[in-house]
Amino acid sequence: MTTQGRVWVFGDNIDTDGIIPARYLTTFDAEELGAHCMEDVDPEFPSKVKPGDILVAGKNFGCGSSREHAVLALKGAGIAAVLAESFARIFFRNAINTGLLVLEADGVRSILDAGDTVRVDAKSGTIVNETRGRSLTAKPVPAFIQEILDAGGLMEYAKKKLQTDAR
Amino acid sequence: MALPNLPSNACPISEVGEVRIDQAFLGSCTNGCLEDLEIGAKVIEGKRVHPDVRLIVIPATPTIYKDAMEKGILKTFLEAGAVVSTPTCGPCLGGYMGVLGDGEKAVSSSNRNFVGRMGSPKSEVYLANPAVVAASAVAGKIVHPDDVQ
């Protein structure tokens, strides 16, 4: 999986209440959630984010609650991938299970600035700043995780696998 | 104690300073065990919740709710002026009951205090143990349990 997009940069400890505040947890509609994604952290984010944009953050991204809405909100806002120095573990698994590319990339904020264009190759873990020509290698995505992401998440992956096994 | 807005933003209660509160929450799935309720009830027994404070008590499970009722713990809280609610998600994530408004401050025995966690992004949550929550509810500000004895 390779994706290219415009960069948003956030700091450390971006929590799930920041990604999608609890007051919006009355729906599972990704688009509706996306309209409020990150609004308490950056009120302009929901109106300025574009499909295919890539979110870059510091340590412990997605800490806090186990809400899957956090991933749905990011997907609904059009975010194609999250690159962070580290992730909170529940968010990390939720992201994979819901089909959102997440890469643990130490030092990622030192090669990317807001508005830059970044190219991400999940298989090799290569992250290239197309605007400034800097790059680094993140932890690559293992093959079986790649399969889950390619399927669009764990449910779709399981459905596909059951169909294949039944043949 | 954990100061706003990170659970890891910890410090001893002696360093918190003067923090007046609007709400005290004793409960949640994390710290609403029978032992937690017992500790809080012991501190608050025979005292009254400060008139400017809402004390909300939520046992973690229906079993704990029943045990606390049988032990007279809920009665102690009710007589002190607290409200006791059904075990479920609620104030901890600004879901229902005691959703904090702009500028409000709360002390809570739950385990998360990110920006806007219990309501308005302009509110603040201080995390503490049940004894401190109960004592603070009486004092109207964050205090050590020894300060209300």
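Structure's up top.
Residues numbered from 1 in each chain as written. Chains lettered and ligands numbered in written order. Predicted model: local features only at pLDDT ≥ 70, side-chain atom pairs only at ≥ 80, totals over all residues. Heavy atoms only, no water.

**Notes on the overall build of chain A**
For clarity, the threshold we go by: Secondary structure is summarised from DSSP: a helix means a run of H or I of at least four residues, a strand means a run of E of at least two, and numbering begins at the N terminus for each. C-alpha atoms define the radius of gyration in this analysis, and the globule rule sets the expected value at 2.2 Å times the number of residues to the power 0.38. When accessible area is computed with a 1.4 Å probe and restricted to protein chains, residues below 20% of their type maximum are described as buried, those above 50% as exposed, and intermediate ones as partly exposed. Contacts are assigned to residue pairs with any non-hydrogen atoms lying within 4.5 Å of each other. The method behind every accessible area is Shrake-Rupley, applied with a 1.4 Å probe, and residues are considered shielded solely by the protein chains displayed. The charge count includes Lys and Arg as positive and Asp and Glu as negative, but it does not include His or the ends of the chains. All charge positions are set by atom: Lys at NZ, Arg at CZ, Asp at CG, Glu at CD.
Broken down by element type, chain A carries 8 helices and 7 strands. Its C-alpha atoms give chain A a radius of gyration of 15 Å, within 12% of the compact-globule value 15 Å for 167 residues. With the C-alpha coordinates of chain A rotated into their principal frame, the extents come out at 50 × 40 × 25 Å. Put simply, chain A has 167 residues, and 50% of those count as buried. Taking the intrachain contacts of chain A between residues at least 6 apart in sequence as the baseline, contacts between residues at least 24 apart amount to 65%. Working note: accessible area of chain A is about 7800 Å², and carbon and sulfur atoms make up 51% of it. Computing the positive centroid from 19 side-chain charges and the negative centroid from 23, chain A places the two 5 Å apart.

**What about the sheet that holds strand 4 (residues 105–108) of chain B?**
Residue and element names in this part refer to chain B. Stated precisely, the cut-off is as follows: Pairing between strands is defined by DSSP: at least two bridges between the two strands are required. For helices, the fitted line uses only the C-alpha atoms of the stretch in contact; every axis is such a line through C-alpha atoms, and the angle between N-to-C directions lies from 0 to 180 degrees.
Spatially, 3-2-1-4-5 is the arrangement adopted by the 5 strands of the open sheet, whose pairing is parallel. Edge positions in the sheet fall to strand 3 (83–84) and strand 5 (124–127), since each of these pairs with one other strand and no more. Here strand 1 (residues 23–27) runs beside strand 4; their pairing, made up of 3 bridges, is parallel. Bridge pairing links Gln 23 to Ala 106 in strand 4. Relative to strand 1, helix 4 (residues 130–139) is tilted by about 145°, and along the sheet it contacts strand 1, strand 2 (54–58) and strand 4.

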